[in-house]
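The primary structure of each chain is shown beneath.
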Amino acid sequence: MSDVVRFTNGYLALPDGTAVKADLYISSSTGKIISGQASFYTSHLPPARVIDLGGNILSPGFIDVQINGAFGVDFSELDVDAGDGGEGAYVEGLEKVAKRIVATGCTSLVPTVITQKEELYSKLLRLLQPRSTPQGAHMLGYHAEGPFLHPHRRGAHSSALLMTAAPSSVPSSPTSPTFTPIQSPLEVVERVYGKASLDQPGVKLITLAPDVEGVMDCVANLSGRGVTVSIGHSDAALEVAVEAVEKGARMITHLFNAMPPIHHRDPGVIGLLGHPLPSSRPYFGLIVDGLHSHPNTVRIAYSAHKDGCVVVTDAQSPLDPMLEDGLHNWRPGVMFRKKGDAVYARQYSRADGSCCPLNTCLHNLSTYASIPLPEALLAATYRPAQMLGGPIARRKGQLKEGFDADLVVLGWDGTVVSTWIMGEEVYTAPSGQVGSGLSLKDTAS
Amino acid sequence: MRLTVRDTKEEVGNYIAEYIVKRINSFKASKEKPHFVLGLPTGSSPLPVYKRIVKLHEEGKVSFKNVITFNMDEYVGIPRDHPESYHTFMFKHFFSLIDIDPKNTHLLDGNAEDLYKECEDYEAAIKAVGGIDLFLGGIGADGHIAFNEPGSSLTSRTRIKTLAYETILDNCRFFNNDLSAVPRMALTVGVQTVMDAREVVLVVTGQNKALALSQMIEGGVNHMVTASALQTHPWALVVCDEDATNELRVKTVKYFKSIERVQDEVEAKYGSATSSRLGLHKATAAVVQQLYIISRVQRRI
């Protein structure tokens, strides 16, 4: 019995930012993209199923490298008082998000933990090892945003929980039987995240401020052991930021947010986008919800260094395309107001969090930067995969033979028509919402 | 041999596509012969034919469930999934777009361990399914059919061929202009393999084929123009566009245009699939011309 699925009558989004009219073949049993020609001539297998894309775009599934939560789940919350230390509820939360986030075209995510109590990190990060739920998006690993952030640029992070990596910053009791004096910043970092978490498999993404005491001394070591270091929540001058990149930092966390605005004499972290060597310009996350950065700012950043642009949602637990506008409970004792794609918790705040779905962010990018949608898609497919490197770069983010059949069918207006994970259709838009495919009549190849 | 002239290469493609579809649809499967067997070419000339057949398939007007195909040729020594391989061409432009059973498609394997055996097996496979019902082909600018380049024996069968230097140079553009990357050998059906088909249809379009067309139709049977062998085929049809007629005599073109009208009248009277039953396909040009005169006389009466 053939397990081959053929996608036809649509446009394949390619790593060069174009979309070409072509067919794609996947195997639903191996969950990989395959050569339709080889399966035809060698295994003599005609497709068991043909999907008519109706002029829509077939894109690699989206990868969100910064997402704090969604559908009422907060990746930073662990109920340590529960019998099992909160593990059961936490994993349940992860699975809930995995199953529902696919409606936004997202097939892989890196759950993001904001600055937390020190003792929670090793527990949380251990739970955030790569995890695949049946019919759900892949959890690729963790993104630890904090606690080594600059107090002046803390954003919504709790100032009481921020830390420096100076050995003296760690309170330790010499009377404790397990006492070993902390000698170096690296030991501080290892103690906070846990050595095991820094060396566990999967994606390990850490946002840190290199201008915080001790942090710079750890960048090279972290990068060397497979951690993707991202500069963020930082007050660093350009020179400091450049040094961090030279030591291995690969990304800037939500460019423009939680960093000084660009100044023409000292462009700061943002100035990295103007580095004379294109290879020294890092990737940068961008929240393209229309609120966190002005559309014109998005265009400037994109024009400056489009090869580094990675779109992230930075979504909070209220992210839920089905949730109505209005007042909702957030954390115990905290209400938030959802209005469109924005979340407001404080009365005069411009935005306290985002709940703009990834597919909308990508469509926004295409509008703001005046680029075709297929080019905008790279910011959540090819580029994040390349940035994370390793097995992710070899398995995800491209419609290439041998790569994972994580796919999203997208209308040219950015609406998600269907989502596929490992060759299986896990989300289909309700009938009536079929996206706006291009007419194929005028595009004879 | 009949010659049908159409204005453009698209119209030529449409005409042949509809012709083939008609043949497939009127084929009556029997226990002894459950499949219609189709011989197929690659190249730019037949592209409009494939395009139109695919469209007719999409419209539900033809199915390939009971069709077996044999391709004419394939390069030796390039991977099967090479963008210029004929496997790739056929998959991309035809097989992936229709409902044919992959098992029913046959292409020569240019990477076979034993190329001689591959060729013998190919002839045997054709024989095993009862021979080819309709062989679609094109011609080269030098009048070759399949890879049977000038000088090929007109009684040749499937075999290894060394490509003519001209063909290698011509193919260079498909291989990054790297002469060393262009295959120097190919496997191809022979002239006799094509001649054995019950019916042969040739697509000839473009001005660069004009000289070859005049040589194969107006010249004698000649191994330097291997397609000319079709002059002796009992049921051959050439469909060309106006450009390709440039080197033909006006008289020749006019003559063939007139036969076409007779064919239409016969078909209108006896039905489309009856021409073979009537033996019309065996008719020499002279017989056809007589028919034409008779029909005109009848009309006057």
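Residues numbered from 1 in each chain as written. Chains lettered and ligands numbered in written order. Predicted model: local features only at pLDDT ≥ 70, side-chain atom pairs only at ≥ 80, totals over all residues. Heavy atoms only, no water.

(A) A look at the overall build of chain B. The number of helices and strands found in chain B is 9 helices and 10 strands. Going through the 301 residues of chain B one by one, you find that 53% of them count as buried. For chain B, the accessible surface area stands at approximately 14100 Å², while carbon and sulfur atoms represent 52% of it. (Helix = DSSP H or I, 4+ residues; strand = E, 2+ residues; numbered from the N terminus. Buried < 20%, exposed > 50% of the residue type's maximum accessible area, 1.4 Å probe, protein only. Areas by Shrake-Rupley, 256 points an atom, 1.4 Å probe, with all protein chains shown as cover.)

(B) Local environment of the interface of chain A and chain B. Every contact between the two is made by 12 residues of chain A and, on the other side, 16 residues of chain B. The contact between chain A and chain B buries some 1100 Å² in all, and 57% of this surface belongs to carbon and sulfur atoms. The largest share of the area that chain A buries against chain B comes from A:Gln37, A:Phe40 and A:Tyr41, three residues that together contribute 57% of it. Taken together, the links from chain A to chain B amount to 0 salt bridges. There are 5 residue pairs in polar contact (both at pLDDT 80 or more) connecting chain A and chain B. With 4 residues, helix H1 (residues 36-41) of chain A is the largest single contributor of residues to the side of chain A that touches chain B. (Contact = heavy atoms within 4.5 Å. Buried area = accessible area lost by both parts, 1.4 Å probe. Salt bridge = Lys/Arg side-chain N within 4 Å of Asp/Glu carboxyl O. Polar contact = N/O pair within 3.5 Å; in protein donor to acceptor, adjacent residues only side chain to side chain.)

(C) Main features of the sheet that holds strand E9 (residues 199-204) of chain B. Residue and element names in this part refer to chain B. Read across the sheet, 7 strands follow the order E1-E10-E9-E6-E2-E3-E5 without closing on themselves; strand pairing throughout is parallel. The sheet is open, and its two borders are formed by strand E1 (2-6) and strand E5 (105-106), each paired with just one other strand. The pairing of E1 with strand E10 (residues 236-241) spans 5 bridges and is parallel. The residue of E10 that forms the bridge with Leu3 is Val238. (Pairing = 2+ DSSP bridges.)

(D) Summary view of the UniProt feature "active site" (unreviewed entry) in chain A. All names here are of chain A. Annotation from UniProt places "active site" (unreviewed entry) at Asp314. Considering the arrangement of structural elements, one finds Asp314 in the loop between strand E19 (309-312) and strand E20 (326-329). Excluding residues that lie within four positions of it along the chain, Asp314 makes contacts with Gln66, Asn68, His254, Ile287 and Ser354. (UniProt positions renumbered as here; feature names shortened; annotations may be inferred.)

(E) Quick look at the pattern of salt bridges. Residue and element names in this part refer to chain A. Tallying each qualifying case throughout the model produces 26 salt bridges over all chains. Where Arg6 meets Asp23, a salt bridge forms, and the shortest distance between an N and an O atom there is 2.8 Å. Remark: Asp23 occurs in the loop between strand E3 (19-21) and strand E4 (24-27) and Arg6 occurs in strand E1 (residues 4-8); sequence separation between them is 17 residues. Classification of Arg6 as buried rests on a relative accessible area of 9%. By relative accessible area, Asp23 is classed as partly exposed at 24%. Beyond isolated ion pairs, a larger network of salt bridges with shared partners links Lys32, Arg395, Lys396, Asp404 and Asp406.

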